[in-house]
Amino acid sequence: MIGVALADDDELVRMGLRVLIGREDDLELRGEAADGEAALAVVRETRPDVLLLDLKMPGLDGIGVLHAIAADPALTATRVIVVTTFEIDRYVVAALQAGASGFLLKSSVPAELVRAVRVVAAGQALLSPSVTRRVVGLFGRRLVGPTPARVAWDSLTAREREMVAWVTTGLSNDEIAAELVLSPDTVRTHVSRAMVKLGARDRAQLVVFAVREGLTFPDPTGGR
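Calculation rules
- Residues numbered from 1 in each chain as written.
- Predicted model: local features only at pLDDT ≥ 70, side-chain atom pairs only at ≥ 80, totals over all residues.
- Heavy atoms only, no water.
- Salt bridge = Lys/Arg side-chain N within 4 Å of Asp/Glu carboxyl O.
- Helix = DSSP H or I, 4+ residues; strand = E, 2+ residues; numbered from the N terminus.
- Buried < 20%, exposed > 50% of the residue type's maximum accessible area, 1.4 Å probe, protein only.
- Axes fitted to C-alpha atoms, helices over the stretch in contact; angles between N-to-C directions.
- Parallel < 35°, antiparallel > 145°, perpendicular 65-115°, else oblique.
- Left-handed = near helix turned anticlockwise from the far one by under 90°.
- Contact = heavy atoms within 4.5 Å.
- Nonpolar A, V, L, I, M, F, W, Y, C, P; charged D, E, K, R; others polar.

A. Molecular detail of the pattern of salt bridges. Considering all chains together, one arrives at 14 salt bridges under this definition. Glutamate 32 is the partner of arginine 18 in a salt bridge, and the nearest nitrogen-oxygen pair spans 2.8 Å. Placement of arginine 18 in helix H1 (residues 11–22) and of glutamate 32 in strand S2 (residues 27–33) is noted, with a sequence separation of 14 residues between them. The class for arginine 18 is partly exposed, based on a relative accessible area of 29%. Among the residues examined, glutamate 32 registers a relative accessible area of 28% and is labelled partly exposed. Salt-bridge contacts for arginine 115 lead to glutamate 175; the nearest nitrogen and oxygen are separated by 2.8 Å. Highlighted residues: arginine 115 in helix H5 (residues 110–121) and glutamate 175 in helix H9 (residues 173–180), separated in sequence by 60 residues. In this structure arginine 115 comes out as partly exposed when scored by relative accessible area, which is 30%.

Structure, rendered in structure tokens:
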């Protein structure tokens with residue numbers, strides 16, 4: 001059973017997500033909140049596997065919640081999917097850099113959101129392709145924050161570089177495997193090795209690193 005918590009100041013949105021989660025046999029609602037402080041309290045009390053988090057809330061906003069979760073060693077098992085009406089680039093980048101494992105718009109179809117919860121709970125990250133394209137296309141290498149050392153990038157094999165480039169498309173391991181006619185385990189292995197070498201905590205951060213480096217699809221070699 002995948003434990004899910006909700007944080008959104010819109011009661012109608014929470015109700016819709018509550019109904020959606022209740023329909024799935026493998027999802028369990030652990031709690032919900034209408035503001036950031038309450039969201040942190042719910043997460044600390046119930047330790048959900050996945051938190052569905054709005055960015056714009058009264059008091060402590062979603063970015064603040066993300067930073068607080070990332071800074072608490074007791075909450076490392078909780079992964080966060082940002083679910084918002086905003087596709088504004090600075091929010092996307094701030095959420096990724098603060099530790100979000102997924103980013104979906106509220107306009108996403110229910111099946112896409114349920115799939116995202118399962119993918120993220122399984123240890124992967126999932127960004128809607130439109131969000132990933134905006135990060136790649138508009139920010140290029142101008143993202144701020146720590147970046148892997150040159151030696152780390154140079155240690156990637158050609159296959160690992162290819163997998164990192166595919167990750168920037170927003171596709172999951174299974175989808176990448178289907179595109180390349182490989183097994184999902186093969187893709188997962190190469191992506192995991194790249195994450196370890198680069199010190200990326202998850203696939204979302206791997207996207208940020210790759211965009212900053214200029215290693216994006218459809219140029220897996222990053223021009224080198």
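Structure's up, so let's keep going.
B. Examining the packing of helix H10 (residues 184–198) against helix H11 (residues 203–213) more closely. Relative orientation of the contacting elements H10 and H11 amounts to 65 degrees, with a least axis distance of 11 Å. Considering the angle they form, H10 stands roughly perpendicular to H11. In this structure, the crossing between H10 and H11 has a hand that is left-handed. Counted together, Val191, Met195 and Leu198 of H10 and Arg203, Leu206 and Phe209 of H11 form the full contact between these two elements. Taken together, the residues that form the contact of H10 with H11 break down as 5 nonpolar, no polar and 1 charged.

C. Examining the packing of helix H8 (residues 158–167) against H10 more closely. With their axes 9 Å apart at the nearest point, H8 and H10 run at an angle of 95 degrees to one another. Viewed along their axes, H8 and H10 adopt a mutual orientation that is roughly perpendicular. Between H8, through Arg159, Glu160, Met163, Val164 and Val167, and H10, the contact on the second element is made entirely by Val187, His190, Val191, Arg193, Ala194 and Lys197.

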